[in-house]
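Spelled out from the first residue to the last, the chains are:
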Amino acid sequence: MHALTAADALTRVRELSRDGRPFLLGVVGPPGAGKSTLAERLGTPVLPMDGFHLANDDLDRRGLRDRKGAPETFDVAGFAALLGRLRAGEDVRAPRFDRDIDAAVAEVLPLSARDRVIVVEGNYLLHDADGWEHVRPLLDETWYLDVPEDLRLRRLVARHQAYGRSHTDAVAWATDVDGPNAVLIRATRHRADAIITLNEGDDA
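Each chain has its residues counted from 1, following the order in which its sequence is written. Where totals are concerned, whole chains, interfaces and linings use all residues; where local detail is concerned, this predicted model gives features only for residues with pLDDT of at least 70, and gives and counts side-chain atom pairs only at 80 or more. Calculated side-chain values reflect all of the structure's heavy atoms, with hydrogen atoms and water omitted.

1. Concerning the overall build of the protein
We apply this condition: In this text, helices come from DSSP runs of H or I with a minimum length of four residues, and strands from runs of E with a minimum of two, each type numbered from the N-terminal end. For this measure, only C-alpha atoms enter the radius of gyration; the expected value for a globule follows 2.2 Å times N^0.38, where N is the number of residues. Burial classes follow relative accessibility: with a 1.4 Å probe on protein chains only, a residue under 20% of its type's maximum area counts as buried, one over 50% as exposed, and anything between as partly exposed. Residues count as neighbours in contact if any of their non-hydrogen atoms are within 4.5 Å of one another. For accessible areas, the Shrake-Rupley method is used with a probe of radius 1.4 Å. Any residue's cover is judged against the shown protein chains and nothing else.
For the protein, the count of helices and strands is seven helices and eight strands. For the protein, whose C-alpha radius of gyration is 16 Å, the value lies close to the compact-globule estimate of 17 Å for 204 residues. Here the C-alpha coordinates of the protein stretch approximately 50 × 40 × 30 Å along the principal axes. A total of 204 residues make up the protein; the buried ones form 49% of that total. In the protein, once contacts between residues fewer than 6 apart in sequence are set aside, the share between residues at least 24 apart is 74%. For the protein, the exposed area adds up to about 9,700 Å²; of that, 48% sits on carbon and sulfur atoms.

Structure follows, in structure tokens:
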């Protein structure tokens, strides 16, 4: 494990390539860490794990709607299968999560085997139980994003408010639902290949 700056990350991406298939680069961190922002700034196609959220109706049937975002609220088997297809050199069309409708939309994200690097972005890429243990072996390298806890929580509360929650509800969700998930994700930090520490004002 080694440390990277945000600038180092851009340089590293320019160096990565694989013959015949994309280099699958995982970007991991707890909710509000800045994964999506960093992934977009790396200038490569992005495969967000959030596209594999289970549908709300399915979560209701399982009694998991109030835990949406926990590891068991994703289609991890489908996620791993799509990563396997990319590693095998296939072109795919992946789902993408639409926060405006709070649901995944199928087959809207085209990814090509001709892409040199694809950033795979999500919370549980380093989790090692309940099917998630099949994900890390499909990634070539993983980076963990570390941010100060107060900054992470401010970002997270602002995000929840931007999508319609009151400030009180946003704080409650960030603390009571996202909070335990963040603890679980931080426990996987040691499995990353590199750590990127971001502070307020950093570009990622």
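2. Observations concerning the side chain of T44
Relative to the helices and strands, T44 resides in the loop between α2 (35-41) and β3 (46-48). Owing to a relative accessible area of 15%, T44 belongs among the buried residues under this scheme. Once you skip the residues sitting within four places of it in the chain, T44 turns out to touch V13, A39, V117 and V119.

3. Re the confidence of the model for the protein
Counted only if it meets this: Every residue gets a pLDDT, meaning the predictor's confidence in that residue, from 0 to 100.
Averaged over every residue, the pLDDT of the protein is 89; the share at 70 or more is 97%. Confidence, read as mean pLDDT per element, is least for strand β1 (residues 2-4) in the protein (79) and greatest for helix α4 (residues 76-87) (96).

4. Quick look at the pairing of strand β6 (residues 117-122)
Each regular strand carries side chains that alternate between the two faces of the sheet. Note the threshold: For two strands to count as paired, DSSP must find a minimum of two bridges between them.
Across the six residues that make up β6, a large majority, six, are buried. Pairing between β3 and β6: three bridges, direction parallel. Looking at β6, one finds that P48 is bridged to E121.

5. Comments concerning the layout of surface pockets
It is a probe the size of a water molecule, rolled over the atoms, that shows where empty space is left. Stated formally: A cavity, in this analysis, means grid points on a 1 Å lattice covering only the protein atoms where a 1.4 Å probe fits yet has no way out; a pocket is instead an open set bounded by protein on both sides within 12 Å along at least five of seven lines, and a residue lines either one if it has an atom within 4 Å of a point. Grid points are joined across faces, edges and corners, and a volume is the space filled by probe spheres set on the points. When residue character is reported, Ala, Val, Leu, Ile, Met, Phe, Trp, Tyr, Cys and Pro are called nonpolar, Asp, Glu, Lys and Arg charged, and the others, Gly included, polar.
Within this model, the largest pocket holds a volume of roughly 1,100 Å³. Around the largest pocket sit 38 residues that line it, and S36, D50, F97, R99 and R159 are the ones nearest its centre. Put simply, the parts of the chain that give the lining of the largest pocket at least two residues each are α2, β3, β4 (92-98), β6, α5 (149-162) and α7 (178-186). In terms of residue count, α2 provides more of the lining of the largest pocket than any other element does, five residues in total. A per-class count over the lining of the largest pocket returns 13 nonpolar, ten polar and 15 charged.

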